[in-house]
Amino acid sequence: MPFFDGARGRMHYRRWPIEHPRYTVVLLPGIGQHSGHYHRFARGLRPAGEVWALDTAGHGLSEGDPERPGTLAELVADAVRLVELARGDRPLILMGHSLGAVTALGMLGAAGPESTDAATGSTVLDRNYPLRPALPSDALAGLVLSGVPKRALGGGAPGAPGTPLPQRLPVLAVHGVDDRRAPIDAIRVWTSRHESVDLREYIDAGHDLLHEPVHARVTADIADWMQGVVVGLARHP
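Residues numbered from 1 in each chain as written. Predicted model: local features only at pLDDT ≥ 70, side-chain atom pairs only at ≥ 80, totals over all residues. Heavy atoms only, no water.

> Teacher, can you tell me more about the pattern of salt bridges here?
Think of it this way: side chains of opposite charge can pair up when their charged atoms draw near. Under the defined criterion, the tally for this structure stands at 8 salt bridges. Close ionic contact of R15 with E50 constitutes a salt bridge, the shortest N to O distance being 3.0 Å. On the criterion of sequence distance, the pair formed by R15 in strand 2 (residues 10-16) and E50 in strand 4 (residues 49-54) is long-range, its members being 35 residues apart. On the basis of relative accessible area, R15 is assigned to the partly exposed category, the value being 43%. Among the residues examined, E50 registers a relative accessible area of 2% and is labelled buried. What you see here is one network of salt bridges that share partners, running through R15, E50 and R90. (Salt bridge = Lys/Arg side-chain N within 4 Å of Asp/Glu carboxyl O. Helix = DSSP H or I, 4+ residues; strand = E, 2+ residues; numbered from the N terminus. Buried < 20%, exposed > 50% of the residue type's maximum accessible area, 1.4 Å probe, protein only.)

> It is not clear to me how the sheet that holds strand 3 (residues 23-28) should be interpreted in this structure. Could you clarify?
Strand pairing within a sheet occurs via backbone hydrogen bonds; the two strands may be parallel or antiparallel. Strand order in the open sheet formed by 8 strands is 1-2-4-3-5-6-7-8, and the pairing between neighbours is mixed. Bordering the open sheet on either side are strand 1 (3-5) and strand 8 (197-202), each of which pairs with just one other strand. The mean inter-strand angle of the sheet, taken between neighbouring strand axes irrespective of direction, is 20°. One ladder, built from 5 bridges, connects strand 3 with strand 4; its direction is parallel. Bridge assignment links V26 to a residue of strand 4, and that residue is W52. Helix 2 (residues 72-86) rests against strand 1, strand 2, strand 3, strand 4 and strand 5 (92-97) of the sheet, and its axis sits at about 150° to strand 4. Each of strand 6 (142-146), strand 7 (171-176) and strand 8 touches helix 4 (residues 185-192); the most contacted strand, strand 8, lies at about 155° to it. (Pairing = 2+ DSSP bridges. Axes fitted to C-alpha atoms, helices over the stretch in contact; angles between N-to-C directions. Contact = heavy atoms within 4.5 Å.)

> So what exactly am I meant to see when it comes to helix 4 here?
Each full turn of the α-helix corresponds to 3.6 residues, which orients residues three or four apart in the same direction. Listed as buried for helix 4 are A186, I187, W190 and T191. Along the axis of helix 4, the buried residues cluster in a sector spanning 130°; they form a single face. Exposed and facing more than 90 degrees away from the buried side of helix 4 are D185 and S192. (Arc of directions from axis to C-beta.)

> Can you help me understand the packing of aromatic side chains in this one?
A ring pair, where both rings are aromatic, is described by two values, the distance of the centres and the angle of the planes. This structure, assessed with the given rule, holds 2 aromatic pairs. Taking 5.6 Å as the distance between ring centres and 10° as the angle between the ring planes, the aromatic pair formed by Y13 and W52 counts as stacked. Placement of the pair is Y13 in strand 2 and W52 in strand 4, with a sequence separation of 39 residues. Of the residues examined, Y13 reaches a relative accessible area of 12% and is grouped as buried. Chaining the aromatic ring pairs together yields one cluster made of F4, Y13 and W52. (Phe/Tyr/Trp six-rings, centres within 6.5 Å; stacked < 30°, edge-to-face > 60°.)

> What's the story with the pairing of strand 3 in this structure? I'm lost.
One face of the sheet, then the other: side chains in a regular strand alternate in exactly this way. Summarising burial for strand 3: 6 of the 6 residues are buried, a large majority. In strand 3, alternate side chains face the same way, and those of Y23, V25 and L27 on one face and T24, V26 and L28 on the other are all buried. On the question of chirality, the crossover connecting strand 3 to the parallel strand 4 by way of helix 1 (residues 39-44) is right-handed. (Right-handed = clockwise from strand over helix to strand, strands pointing away.)

> Would you take a moment to explain unusual backbone geometry for this structure?
With omega at 5°, the peptide bond leading from R46 into P47 counts as cis. Looking at where P47 falls in the secondary structure, it is placed in the loop between helix 1 and strand 4. Of note, H20 is a non-glycine position whose phi angle comes to about 55°, a positive value. With respect to the helices, strands and loops of the structure, H20 is situated in the loop between strand 2 and strand 3. Overall, H20 belongs to the exposed group, its relative accessible area being 73%. Phi at S98 takes a positive value of approximately 55°, unusual for a residue other than glycine. The topology assignment puts S98 in the loop between strand 5 and helix 3 (99-107). Looking at S98, the relative accessible area reads 9%, which means it is buried.

Structural data, given as C-alpha cells:
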C-alpha cells in the first residue's frame, strides 16, 4: 500500500492506474470520507483520466485523529506532497470535495476565511490560512471544486481576502442546489467574481454529489469538462 510521511504522520493514498492516460487527477476528499469511497468515480473517468486520491489525516488508512484532521496549512502540506508524487508529463487536474475543496483553494492561496472583527467589520485572517500559493503557477491544468463551504470563500462576500486564482486556470465548481452543509449562495457570489469559473448546479441534490442519485450525471459532466481542459476547450479568462 502506498504511503508517505505527512505533516503529522503517515499518509495513505490510492491510485487507479490505467493504460495510456491523457491526464492525471489528484482528488482530496471531505471529512468522513477517504479514497476507498471513490472507486466508482475513478471508473467514470476511464479511459482518459488516472485518479490519485488522498486519505486525509485520521481517515481511511492515514494516521491521525479523525476529529482533528489538521490546520489548513497542514492539510495543504499533505496535499502538495501527493501532487508532487502524481506529477508527470501529463496535464494534472486538482479536485477537492468539501474540506478537500478548502484545501485545494488553500494550495493556491485563494481560500479566504469568513470570520469578521465585530469592532471594525474587517475580515480577520487566521494564521493557518495560507495566502501564498504552495504550487507553481503552471503546476495545474485545471481545478474542480465540489461542495465548497462558505468559510473558504470569504463568506461569499465581494472583495474577500485571498490570492486571486492563477491566470488562465480553468475552474469547474459543482454544487447541489439543496446543499445544507454548504449552502449554494456563497459559491454563486464567488463564481461571479471569477471569470475562469464554470458553476454547474444540480437540482434536488445536496452536499455529496458523487454519492447521491445525481452521481452519474455529475461524474459525466466532470469527465467531459476535464477532457475539455486537456484539449484546450475549457473556460478560462
